[in-house]
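# Summary of the model geometry
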Amino acid sequence: MTREAAAASRIWSVAEHLDDILAHIRPLEPRELRLLDAQGCVLTEDVTVPVALPPFDNSSMDGYVVRTADVQGASEEYPAVLTVIGDLAAGSGELPTVGPGEAARIMTGAPLPPGAEAVVPVEWTDGGTGRRPATTMRFHSSAPEGAGGEVRVHRAAEAGQHIRLRGSDVQAGDLALEAGTVLGPPQIGLLAAIGRSTVRVRPRPRVVVMSTGSELIQPGEELTPGSIYDSNSFALTAAARDAGAIAYRVGAIADDAETLRTTLEDQLARADLVVTSGGVSVGAYDVVKETLSEFGGRADEGSSVAEGRVEFRKIAMQPGKPQGFGRIGPDRTPLLALPGNPVSSYVSFELFVRPAIRALMGLEPRECRMVRARLEISEPLTSPAGKRQFLRGRNEPPSQGEAVGRVTPVGGAGSHLVAALARADALIVIPEDTTAVEPGVELDVVLLGSASSAGGW
Ligand code: AMP
Ligand code: MG
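A few points on the structure. Just so we're clear, the structure is a prediction, and the values are computed from it rather than from any experiment.

## Description of the pattern of salt bridges
Under the criterion given, the structure shown has 24 salt bridges. Linking Arg 152 and Glu 150 is a salt bridge whose minimum nitrogen-to-oxygen distance equals 4.0 Å. Judged by its relative accessible area of 37%, Arg 152 is partly exposed. With a relative accessible area of 36%, Glu 150 lands in the partly exposed category. The salt bridge partner of Arg 354 is Glu 350, with a shortest N-O separation of 2.8 Å. Of this pair, Arg 354 and Glu 350 are both found in helix 8 (residues 342–361), four residues apart, which corresponds to roughly one turn of the helix. Note on Glu 350: relative accessible area 8%, which makes it buried.

## Things to note about the site of ligand 1
In the region of ligand 1, 16 residues are neighbours, and Glu 215, Asp 230, Ser 231, Gly 279 and Gly 340 sit closest. In the environment of ligand 1, an oxygen atom lies 2.5 Å from a nitrogen or oxygen atom belonging to the side chain of Glu 215. With respect to ligand 1, the backbone of Gly 279 contributes an N or O atom lying 2.9 Å from an oxygen atom. Elements that contribute at least two residues to the shell around ligand 1 include exactly strand 14 (206–212) and strand 16 (228–229). Of the residues contributing to the shell around ligand 1, the split by class is four nonpolar, nine polar and three charged.

## A look at the packing of aromatic side chains
Aromatic rings considered in pairs are described by the distance between their centres and by the relative angle of their planes. Under the definition given, this model contains zero aromatic pairs. Across from the ring centre of Trp 12, 3.9 Å away, lies the NZ or CZ of Arg 10, which sits over that ring. Over the aromatic face of Trp 124 sits the side chain of Arg 155, whose NZ or CZ is 4.4 Å from the ring centroid.

## A look at the nonpolar core
Counting residues in each nonpolar core, the largest one holds 59 residues, and the members touching the most others are Leu 183, Val 199 and Ile 357. A total of twelve residues in this core trace back to one element, the largest contributor, which is helix 8. For Ile 357, the residues in contact, after removing those within four places along its chain, are Pro 205, Val 207, Ala 240, Ala 243, Ala 245, Leu 273 and Phe 349.

## Details of unusual backbone geometry
Omega for the peptide link from Leu 53 to Pro 54 comes to -15°, which places this bond in the cis form. Residue placement: Pro 54 occurs in the loop between strand 4 (47–48) and strand 5 (58–59). The step from Gln 318 to Pro 319 runs through a cis peptide bond, and the omega angle for that step is -5°. Secondary-structure assignment places Pro 319 in the loop between strand 20 (317–318) and strand 21 (322–328). The backbone of His 162 sits at a positive phi, close to 60°, despite the residue not being glycine.

Calculation rules
- Residues numbered from 1 in each chain as written.
- Chains lettered and ligands numbered in written order.
- Predicted model: local features only at pLDDT ≥ 70, side-chain atom pairs only at ≥ 80, totals over all residues.
- Heavy atoms only, no water.
- Salt bridge = Lys/Arg side-chain N within 4 Å of Asp/Glu carboxyl O.
- Buried < 20%, exposed > 50% of the residue type's maximum accessible area, 1.4 Å probe, protein only.
- Helix = DSSP H or I, 4+ residues; strand = E, 2+ residues; numbered from the N terminus.
- Near = heavy atom within 4 Å.
- Polar contact = N/O pair within 3.5 Å; in protein donor to acceptor, adjacent residues only side chain to side chain.
- Nonpolar A, V, L, I, M, F, W, Y, C, P; charged D, E, K, R; others polar.
- Phe/Tyr/Trp six-rings, centres within 6.5 Å; stacked < 30°, edge-to-face > 60°.
- Lys NZ or Arg CZ within 6 Å of the ring centre and 35° of its normal.
- Core = buried A, V, L, I, M, F, W, Y, C linked by side-chain atoms within 4.5 Å.
- Contact = heavy atoms within 4.5 Å.

What is shown is where atoms sit, not what they do.
Structural data, given as structure tokens:
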């Protein structure tokens, strides 16, 4: 047997195929991105705080700033009567000095004026109903009328009460976020709070999704005899976005080697990863395999696609047995060639493409989306020997007091069953060496969708 024939006949396990893909994928080079473009991305710099947060002492309540000595012993019966010298709103820049016997009205977030030692919440006062003296200054143009005059304070105040001190959140020079942090909404909020408008991260990979098949018609158009709608390019593009990528759907390409090659060459310019569906088995029109296989008809020497090579393999799994993986073009762009059956291509995405996208983003590729669940079936199920089977199912998390949840198969094993797939939220994993499963058996279940992904579009 030739080396090629031996390689072609080897059966790969799911884990071996994934390991091989991940061994050939490097995280993308970091780039400086605007904050909202960096959502879900991995930070590649340590971010230090340039200015303390809060940047100045400020009030955490709406109330009055006072000197503590002036309100010592104050009560409902014997309130402290203070002269209100001004109104401080958030954003006030010019600040009056609070002298003995004086108070200033202050809003949440407004800077503390000199002389002030505590904030008395408005509820502990009469609300400053006194007459407004001519000398009252207003320190914010939108200060409401009625400020000024006198305020009666009904309780004593402790120094520092309701004051948020400068630097009480973070100090200048502190580490705000460590390299390796995944930027979710709170981290993006912190970056904005310390004044950062851009940040260095590994960008979202650009994933080009192409389906192949001369039978494919785009949704919205009339079906012709023997044709079907192209659903894979939609499902895979949506899945790539869900995994955190920027995905481009090229749509369906006819089963023609030349068209596939030129389309690929055009698309490589904007791809960090290419995903194809269809044309990878041994049929007469299996154009992806024919065009990209290192064993089959290689592209012309002048073609940039020819610079790379894609290996087509048999994986010990069902659905999804035929798979292709390689790196093509001048940049050795990774390409995953998935089988055409809609369920096969989607299952292949979850098992191989999602981890590849995560690896490009610098995220842990093997996200933990596996749970254990008890199989809810009325009759025993059979499963092919030597293949890891992925059945579609609906997963129910454990109810109170239960150690594991339950999973119920939806639809059958047929890899054309898109309606059943749309009702599923999990893949039930039946191990390679298991040929029959009894009701109530506990199995691994892969949760589908973006529950814990880097997506969020
Ligand atoms: P293939 O792997 O190209 O032989 O395709 C296997 C099966 O999946 C065939 O029945 C195809 O018609 C179907 N199929 C292939 N590509 C798509 C697609 N993009 N959308 C829906 N069905 C497809
Ligand atoms: Mg096909």
